[in-house]
Structures are given as structure tokens and as C-alpha cells.
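# Fold and geometry: a report
So you can see what is in the structure, the chains are spelled out below.
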Amino acid sequence: MNTVRCEAIVLRTYKLAEADLICVLLTRDHGKVRAVAHGVRRTSSKLGSRMEVLDHVDVLLAKGRTELLSVRQVESRGAFDHVRDNYERLAAGLVIVETADAATIEHHADEAFFEMVRRALATLGEAPTPSVVATAFLFKTLAHEGASPVLEHCASCGEDTDLVAFDLAEGGLLCSSCRRGRPVSPEAVALMRRILLGGLAGVLREEGPPGSAEVASIAIDAVESNLGRRLRAARVLGAH
Ligand SMILES: [Zn+2]
């Protein structure tokens, strides 16, 4: 039986039997894995730390007789404790981990994506508007999937002014002659551009940038359509 030590973020957990927990972990080096933490729900658990959604941990995983890995040791990195302090941060954090779960398949290592998730969760502690961090993460996930929307000009005819609509099936923003899909305000156009085309750091420092509810709604629709599934936690980003 071999064991592996890895840095992980807990994306999701579900109870198993009396005191066990199945944890869906996004690891830095091995992609998404599923592991059972035996006895972790007992107060006398010997694992070393709890395992909860949004925990950032170092784990020792062992391969068992079945597909399922088992957690031998857990050590908290404590890095995302700030996320649970506040309802808005928690809500945004849950959107990030649910999206990360939906966007990954098991045992497919992707360190760049791990870093995206880790950084987004770390940023939640500093950004004045947590929902904007989650919205930006949704767009970054789309870009990572190779499905970045066209924002520079009309996705249909190339016109670069008078962009008034957004339709993911058409590829992104559309001008008034090509318009279809949902209408977008100039503020939303500007904000999406800043998020995806340079300027994200500035966006993350702002309190409630104009157009953010609209852009959140566009991001949710776009990611749900790209991943082919609904994101439950995303409803809290408003507008949806
Ligand atoms: Zn056009």
C-alpha cells in the first residue's frame, strides 16, 4: 500500500456511516480526488484536524483495496479561515469551490487550476466585495476551459463600438445590428473587460464596482452553459 502527501482544498464532503466523511479534494499535484476520512466526525478522531468544505490542508492519503483513497493524517494550513468569518465571503467561497468541483474531473492534475482556486480563496480575505471575486473566478474558469467570451468587439461582425448584448452561443458581446441573447449595459461591458482583459487587480480593490450584479448573472449563465450543469451556490451572487 502506498501513501502520498499532498496540499489540498476541500471542495465538498458527505457523511458516510456513523463517523466517516467522504471528502472531495482538489490537490495541487494529483488533481481532484475522493478520499474517506475514517472517524473524523468523532471528537476523539486521531486524524489531526477536521475536514470541512473550504479547508486548506496538507493530507496524507493512502491507497486502499478499493478505488477510494483514505485520509491518514490532516494538517490544517488555516489559510482560508477568514472566509468563514463573514456571510458574504462564505457565500462567494462556496461558489468558488462548487465551480472548481464542476469544472474538474478526478485524477487529472492541473496545478494552474489549483493555483487559480487557491488564489481566489485567499483574495476573499482582502477584497471589499467578495461576490466580485467569485464572478471573476467564474470568468477565469471559462478562460481556463478555452471558452473565454469575445469582449473586444462584436463576436459576430467585429464592430468595436455600440456593444449592447451578450450571447455565449454567438461567442460573447454583440453590437446593435447583430444583437441577440441578453442586453448588457455599458458598465457591464467595461467591467467584464477589466476582469478578463487586464485590470482585475483594480476591480478586486473596488467596493461594488458598477455593473457587478449584471456581470455576475452573465458569468453564472456562461459557466453553467459551458459546464452543462447548474451551480447551486451561485444564486447568492444576486441577480439570478
Ligand atoms: Zn455585430
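Computed from a predicted structure; not experimentally measured.

Moving on, we get to the sheet that holds strand 6 (residues 163-167). Sheet strands pair by backbone hydrogen bonding; their relative direction is either parallel or antiparallel. A sheet is described by the order of its strands in space; here 3 strands give the open sequence 7-6-8, paired in antiparallel fashion. Of all strands in the sheet, those with a lone pairing partner are strand 7 (172-175) and strand 8 (182-183), marking the two edges. As defined by bridge partners, strand 6 adjoins strand 7 across 4 bridges and the pair is classed as antiparallel. Paired with Asp167 across the two strands is Gly172, which belongs to strand 7.

Of all 8 residues in strand 2 (residues 20-27), 6 are buried; the element is thus mostly enclosed. Pairing of strand 1 (residues 3-16) with strand 2 involves 8 bridges; the strand directions are antiparallel. Bridge assignment links Tyr14 to a residue of strand 2, and that residue is Ile22. Of the pairings in the sheet, the one linking strand 2 to strand 3 (residues 31-37) comprises 7 bridges and is antiparallel in character. Bridging from a neighbouring strand, Thr27 pairs with Gly31 of strand 3. Joining the antiparallel neighbours strand 2 and strand 3 is a turn of 3 residues.

Turning next to the domain arrangement of the protein. Note: interface size is frequently given as the accessible area lost on complex formation between the parts. Taken as a whole, the protein is organised into domain 1 (3-76) and domain 2 (81-237). Domain 1 and domain 2 are separated by 29 Å when their C-alpha centres are compared. Each partner contributes residues to the interface: domain 1 has 14 residues there, and domain 2 has 18 residues. Residue assignment for the side of domain 1 that touches domain 2 shows that the elements contributing at least two residues are strand 1, strand 2 and strand 3. Element by element, the count of residues in the side of domain 1 that touches domain 2 is highest for strand 3, at 4 residues. Here the side of domain 1 that touches domain 2 is composed, by residue class, of 7 nonpolar, 2 polar and 5 charged.

Here is what the cut-offs are and how they apply
- Residues numbered from 1 in each chain as written.
- Predicted model: local features only at pLDDT ≥ 70, side-chain atom pairs only at ≥ 80, totals over all residues.
- Pairing = 2+ DSSP bridges.
- Helix = DSSP H or I, 4+ residues; strand = E, 2+ residues; numbered from the N terminus.
- Buried ≥ 20, exposed ≤ 12 C-beta atoms within 10 Å, placed from the backbone.
- Domains from an automatic or database assignment.
- Contact = placed C-beta atoms within 7 Å.
- Nonpolar A, V, L, I, M, F, W, Y, C, P; charged D, E, K, R; others polar.

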